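# Secondary and tertiary structure notes
Take a look at the letters that make up each chain.
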Amino acid sequence: MAASEIDHHWMTRAIQLARKGWYTTTPNPRVGCVIVGPQGVLSEGAHLKAGLGHAEANAIADAKQSLEGATAYVTLEPCSHTGKTGPCSDALIAAKVKRVVVGMTDPNPLVAGQGIQRLENAGIEVEVGVLAEQCEELNPGFLKRMKTDFPRVTVKMASSLDGKTALANGKSKWITSSQARSDVQRFRAESCAVLSSAETVLSDNARLTVRQEQLPATMKQYGKSSLRQPDRIILDGRCRLTGEEPLFEQLDSLVIVRPEGQPAPRPDVRLLSLPYTRHRFDLPRLVAELGARQYNELWVEAGPALSGAFVAAGLVDRLVVYIAPKLMGHHSKDLLALPMMNEMNQVIQMQWESVTNIGPDVRLIAEFK
């Protein structure tokens, strides 16, 4: 049976449910499920946190009546393996649903069509690919990591209208508005990790945490007790951090990256040791390591040199740039440090994802082709 307008309607509802876990499911994907009978919705569920029930299991548990003969709409292929929870495909089979409509197949090698095969082997009709593009948009980082082993990397920058990030004396607070800084908190909150450098930490006295009091009004339901802090990955190639900086006041989400053979700044902090040559870390190896640690979304907040190094290495998926309507002059510091280009065919081509007014500023999001 081909997908119908009714299928699109209920998959749209499943997508809405999946968004309930937007800030909390990492490293798992965001998934929603709605189960429908002849008279309408029988139950709904969403995956909200790793280790807790998956969307299908939560929807089945939510049911107040038999689900036999019903249709289940789920944004991502039901899993077929046992992790912290049981296989969702088996749970749907046990619930005796008649039909399962799947937004997209799961690229996770542990699933990858096996969940769909289990359902079909049990005699359940399966429709795949309903609103697939919208379902993919729920989990860009997870999908990239499953396909490449690398997280999705976003570099955030803020500048004046003439592309400057700080005055010649280093002063930069604040180029952009409080509304822009609030918007940054939202991006941090949806990321698995925030990456920066010891130089940025020391110059800005930065903590790089998600601050509940600065979240946009649309996120005020996330109190401090339910707010997930992304890990903070700090590159400290010259071992400048002492362990006394405000950054270290919250240790459970902190990872310090130092050259091989160098100790952590204090014994109670997580240390990632990597080769360090020519005054720089091997960034592809670093990002691969972060993918192996199940980070889906990596948010980079750093200075022009480190941000430029990520771009030059071809590791960045998109740039998020906040531009304030200010002019700082040519003596000020530039937005991004990239290698010299002598020919137009060397220029890095991008495409716009969005241009949005954020308070008095403009937020530009550009993706790499």
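What you see is a predicted model; the values in this text were computed from it and never measured. (Residues numbered from 1 in each chain as written. Predicted model: local features only at pLDDT ≥ 70, side-chain atom pairs only at ≥ 80, totals over all residues. Heavy atoms only, no water.)

### Structural notes on the nonpolar core
- M11, V34, I35, L67, Y73, V97 and V100 are the most contacted members of the largest nonpolar core, which has 47 residues in total.
- Mapped by element, the contributors of at least two residues to this core are α1 (5–18), β1 (32–37), β2 (40–46), α2 (55–62), β3 (71–74), β4 (99–102), α4 (114–121) and α6 (140–148).
- In terms of residue count, the dominant contributor to this core is α1 (6 residues).
- Here L67 is in contact with I35, L42, S43, I60, A95, K96 and V97, once residues within four sequence places are set aside.
- Listed in part, the 28 residues of the second largest apolar core include V153, A193, L272 and L274. (Core = buried A, V, L, I, M, F, W, Y, C linked by side-chain atoms within 4.5 Å. Buried < 20%, exposed > 50% of the residue type's maximum accessible area, 1.4 Å probe, protein only. Helix = DSSP H or I, 4+ residues; strand = E, 2+ residues; numbered from the N terminus. Contact = heavy atoms within 4.5 Å.)

### Re the UniProt feature "binding site: NADP(+)" (unreviewed entry) in the chain
- Mapped onto this numbering, the UniProt entry gives "binding site: NADP(+)" (unreviewed entry) at A158, W174, T200, D204, G303, P304, A305, L306, S307, G308 and A309. In sequence the annotated residues extend across 152 residues, and in space they extend as well, their farthest C-alpha pair lying 24.4 Å apart.
- Among the structural elements, G303 can be located in the loop between β14 (297–301) and α10 (304–312).
- Positionally, A309 belongs in helix α10. (UniProt positions renumbered as here; feature names shortened; annotations may be inferred.)

### Observations regarding the pattern of salt bridges
- The final tally for this structure, using the stated rule, is 18 salt bridges.
- In this structure, K164 engages D334 in a salt bridge whose closest nitrogen and oxygen atoms are separated by 2.5 Å. Highlighted residues: K164 in strand β7 (residues 164–166) and D334 in strand β16 (residues 333–334), separated in sequence by 170 residues.
- Take K164: its relative accessible area is 9%, and that puts it in the buried class.
- The exposure class of D334 is partly exposed, given its relative accessible area of 45%.
- Two residues, D268 and R266, come together in a salt bridge whose shortest N-O distance is 2.8 Å. (Salt bridge = Lys/Arg side-chain N within 4 Å of Asp/Glu carboxyl O.)

### A look at the packing of helix α9 (residues 283–292) against α10
- Between α9 and α10, the shortest axis-to-axis distance is 10 Å and the interhelical angle comes to 80 degrees. With respect to α10, the element α9 is oriented roughly perpendicular. Contact with α9, carried on its side by L283, L286 and V287, involves L306, A309 and F310 of α10 and no other residues of that element.
- Here the contact of α9 with α10 is built from residues that sort into 6 nonpolar, no polar and no charged. (Axes fitted to C-alpha atoms, helices over the stretch in contact; angles between N-to-C directions. Parallel < 35°, antiparallel > 145°, perpendicular 65-115°, else oblique. Nonpolar A, V, L, I, M, F, W, Y, C, P; charged D, E, K, R; others polar.)

### Topic: the packing of aromatic side chains
- In this structure the tally under the stated criterion is 2 aromatic pairs.
- Centre to centre, the rings of F187 and W299 are 5.0 Å apart; their planes meet at 5 degrees, and the pair counts as stacked. Within this pair, whereas F187 is found in helix α7 (residues 178–190), its partner W299 is found in strand β14, the two being separated by 112 residues in sequence. Side by side, F187 and W299 carry an identical accessibility label, which is buried.
- Against the face of W22 rests R30, its NZ or CZ located 3.9 Å from the ring centre. (Phe/Tyr/Trp six-rings, centres within 6.5 Å; stacked < 30°, edge-to-face > 60°. Lys NZ or Arg CZ within 6 Å of the ring centre and 35° of its normal.)

### Regarding α6
- Regarding α6, the residues found buried are G141, F142, L143, K144, R145 and M146.
- Check the buried side of α6 and you find it contacts α5 (132–136), β6 (152–160), α9 and β14.
- Backbone geometry just after α6 places D149 at a positive phi near 75 degrees.

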